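# What the coordinates show
Listed below, chain by chain, are the residues.
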Amino acid sequence: MKELNEKIGVVKEDIKVRTQKTTEKLYRTVDDVWTEAETVSKKVSENVREQLSAAKEEVKDTLGLGKQEPSTTSNSSSTSSPNNGSTPTSEAEKFQNFKANSNEESSGETETLFDKFKSTASSASPTVSQAFRKLTEAKITNLARKGYEMVKDELSTNQTRKKRMQNASASVSSEPRSTRTDIIVVPTKKSILGQKWEAFKKKMHDHPIFKHVSGYSQPVVTMGQELAEDMRERWETSDSPVVHKIQDLNETVFGETATALSFKEIRRRDPSFSLPDFVAEVQEMIRPVLTAYFKCDVETLKKYCSPEVIERCKGERMAYESQAMFFDNKILHISEVDVRETKMMGSSPIIIVAFQTQQIYCVRDREGSITAGGKDTIQTVYYAWAMQQMDAEELGEGAYYPQWRLREMQQLGVQALI
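This section reports on the structure supplied with the text. These figures come from a predicted structure and were not determined experimentally.

What counts, and at which threshold
Residues numbered from 1 in each chain as written. Predicted model: local features only at pLDDT ≥ 70, side-chain atom pairs only at ≥ 80, totals over all residues. Heavy atoms only, no water. Helix = DSSP H or I, 4+ residues; strand = E, 2+ residues; numbered from the N terminus. Buried < 20%, exposed > 50% of the residue type's maximum accessible area, 1.4 Å probe, protein only. Contact = heavy atoms within 4.5 Å. Areas by Shrake-Rupley, 256 points an atom, 1.4 Å probe, with all protein chains shown as cover. Polar contact = N/O pair within 3.5 Å; in protein donor to acceptor, adjacent residues only side chain to side chain. Core = buried A, V, L, I, M, F, W, Y, C linked by side-chain atoms within 4.5 Å. Patch = residues over 30% accessible without salt bridge, like charges linked within 9 Å, V, L, I, M, F, W, Y side chains within 5 Å. Salt bridge = Lys/Arg side-chain N within 4 Å of Asp/Glu carboxyl O. Lys, Arg positive; Asp, Glu negative; His and termini not counted. Charge placed at Lys NZ, Arg CZ, Asp CG, Glu CD. Axes fitted to C-alpha atoms, helices over the stretch in contact; angles between N-to-C directions. Parallel < 35°, antiparallel > 145°, perpendicular 65-115°, else oblique. Nonpolar A, V, L, I, M, F, W, Y, C, P; charged D, E, K, R; others polar. Pairing = 2+ DSSP bridges. Phe/Tyr/Trp six-rings, centres within 6.5 Å; stacked < 30°, edge-to-face > 60°. Expected span 1.5 Å × (residues − 1). Bend = angle between axes of the 7 residues up to and from the residue. Disulfide = S-S within 2.5 Å.

### Here we look at the overall build of the protein chain
Each helix and strand in the protein chain was counted, giving 14 helices and six strands. When burial is assessed residue by residue, the protein chain has 17% of its 418 residues classed as buried. Long-range contacts, defined as pairs at least 24 residues apart, comprise 62% of the intrachain contacts of the protein chain with a sequence gap of at least 6. Accessible surface, the protein chain: about 33100 Å² in total, of which carbon and sulfur atoms supply 57%.

### As for the side chain of D270
Among the secondary structure elements, D270 is positioned in the loop between α10 (258-269) and α11 (275-295). For D270, the side chain forms a polar contact with the side chain of S272, separated by 3.0 Å.

### Some thoughts on the nonpolar core
Among the nonpolar cores identified, the biggest contains 31 residues, and L290 and W385 are the most heavily contacted of them. Broken down by secondary-structure element, the contributors of at least two residues to this core are α11, α12 (298-304), α13 (307-322), β2 (330-334), β4 (348-364), β5 (370-390) and β6 (403-416). Looking at which element gives the most residues to this core, the answer is α11, with nine residues. Every residue in contact with W385, bar those within four places of it in the chain, is listed here: M285, I286, V289, L290, I351, I352, V353, F355, L406, E408 and M409.

### Focus: a positive patch on the surface
A cluster of basic residues, R18, K21, K25 and R28, forms a positive patch on the protein surface. For R28, the position within the fold is in helix α1 (residues 2-63). The exposure class assigned to R28 is exposed, which follows from its relative accessible area of 55%.

### Quick notes on the packing of helix α7 (residues 192-206) against helix α8 (residues 208-236)
Across the interface, α7 lies against α8 with an axial gap of 5 Å and an inter-helix angle of 70 degrees. Between α7 and α8, the angle falls in the class roughly perpendicular. Packed against α7, whose contacting residues are M204, H205 and D206, the element α8 presents P208, F210 and K211 at the interface. Considering only residue class, the contact of α7 with α8 consists of three nonpolar, one polar and two charged.

### A word on the packing of α11 against α13
Two elements in contact, α11 and α13, have axes separated by 9 Å at closest approach and are oriented at 40 degrees. Looking at the two axes, α11 sits oblique to α13. Here α11 contributes Y293, F294 and K295 to the contact with α13, which in turn contributes V309, R312, C313, E316 and R317. Class assignment for the residues of the contact of α11 with α13 results in four nonpolar, no polar and four charged.

### Focus: the side chain of Q379
In this fold, Q379 is placed in strand β5. Dropping the residues within four chain positions of it, Q379 is found in contact with T357, Q358, Q359, Y361, V414, Q415, A416 and L417.

### Observations regarding the pairing of strand β3 (residues 338-345)
Within a regular strand, side chains alternate between the sheet's two faces. Here β3 pairs with β4 via seven bridges, running antiparallel. If you follow M345 over to β4, its bridge partner there is S348.

### Points about unusual backbone geometry
With a phi close to 60 degrees, C296 is a non-glycine residue in the positive phi region. Turning to its location among the elements, C296 is positioned in the loop between α11 and α12. One non-glycine residue, A324, lies in the positive phi region at around 60 degrees. With respect to the element layout, A324 can be found in the loop between α13 and β1 (326-327).

### Examining the environment of M285
For M285, the position within the fold is in helix α11. Judged by its relative accessible area of 8%, M285 falls in the buried class. Between the C-alpha atoms of M285 and L406, which are 121 residues apart in sequence, the distance is 10.0 Å. Excluding residues within four positions of it along the chain, M285 makes contact with Y304, W385 and M387.

### Re the packing of aromatic side chains
Applying the stated criterion across every chain yields a total of nine aromatic pairs. The interplanar angle of 55 degrees and the centroid separation of 6.5 Å between the aromatic rings of F327 and Y361 together place this pair among those described as tilted. Linking F327 in strand β1 with Y361 in strand β4, this pair joins segments that are 34 residues apart in sequence. Residue classification places F327 among the partly exposed residues on the basis of a relative accessible area of 25%. Three or more aromatic residues link up through ring pairs in this structure, and these residues are F263, F273, F278 and W404.

### Remarks on α8
Taking 1.5 Å per residue as the helical rise, α8 with its 29 residues ought to reach 42 Å, and the 42 Å between its terminal C-alpha atoms agrees with that figure. Residue S217 marks the point of greatest curvature in α8, where the axis turns by about 30 degrees; the proline P219 follows within four residues.

### Thoughts on the state of the cysteines
Following the criterion strictly, the structure yields zero disulfides and no others. For the unlinked cysteine C313, the closest cysteine sulfur is that of C296, found at 4.0 Å.

### Some thoughts on the pattern of salt bridges
This model, assessed by the stated rule, comprises eight salt bridges. The salt bridge partner of E308 is R407, with a shortest N-O separation of 4.0 Å. With E308 in helix α13 and R407 in strand β6, the pair connects residues that are 99 residues apart, well separated along the chain. Relative accessible area serves as the criterion here: at 40%, E308 is assigned to the partly exposed category. Its salt-bridge partner being R317, residue E321 comes within 3.3 Å of it at the nearest N-O pair. Of the two residues, E321 and R317 both sit in helix α13, four residues apart, roughly one turn of that helix. The exposure class of R317 is partly exposed, given its relative accessible area of 26%. Taken together, the salt bridges that share partners define one network made up of E265, R268 and R269.

The following block contains the structure:
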């Protein structure tokens, strides 16, 4: 045991020495990198300042702002010279004349500067004048807001949303759409073999032997069609249990399942549908939807939920307020979304997803005091959502692609953690 303790002590000392060496090396490298970054930033700032100063001097030279014409001084001297030889005036009249002359000089200077800038901008080139006009008409705040929104959408949205937005912007046109629904016969181009086959068919139809054979075969064909229709009606309207068993077996073996029908309808409405992207979208919308549902934020719920869910939220809010119950829940963690089932509800497809959240359970009264739960009461809540695909026609004007809305929300269970 003593030997082991001695060995452990030696190992600890070696580890301490190594850690000290490594930390010293790291500090040195960080200091070196920091000094290099400071020097580079100083050089870059100096270069930028030099370039800005050079650009300012060029602009001043082109506009002629540094040069001032001595016309105003000569005018003032000429106006003051005859007054010197004339009779002296009062002090008030002198002050008023001086004030008026100064105002005229300042207005003349501003007019000359504006005229210089306008003449230089217009005489430079028509493109410069058009750009200056657009800058004066456009608002910088609107441009900055649009740029910020574009960057935000680019960073937050996924590929499917970008494709949909691009398709929507491409589909929008400034030209008015026509409401005419006339039927127009469009000739189709046929290949050489198709043209030869059509000519051969015409020749055969005009031949007397073909006419004679078709006269005998036409009643036989009609009789066969009538017999086939009668047999089909008897098969579909039969009450025999054997026939029903055969039909059920045929549907189970060769028929489409509810999942296949729902996916078929989803792909028909949205050919670019992807299940992983759909799961990612649902994962992003869980937190804002739940927080809005707790606070009864109708404007936020309208973006993600159907009208039925919004009405349910309003009803629950009114019922809880009548009992002086106000929820102060806070979501801490959201698990990954799991797709449970896909089926059809009427003519619209529905995907049922499940997930669980860890949230703080806290109920307050009208005065703000806690009546149930607390700030440290954490629960695991199991949710099941039914997401319904709304067609563009159901969403109304302004929608160019189908969107998913929360059709039903249910709490499967609650488990207390703390």
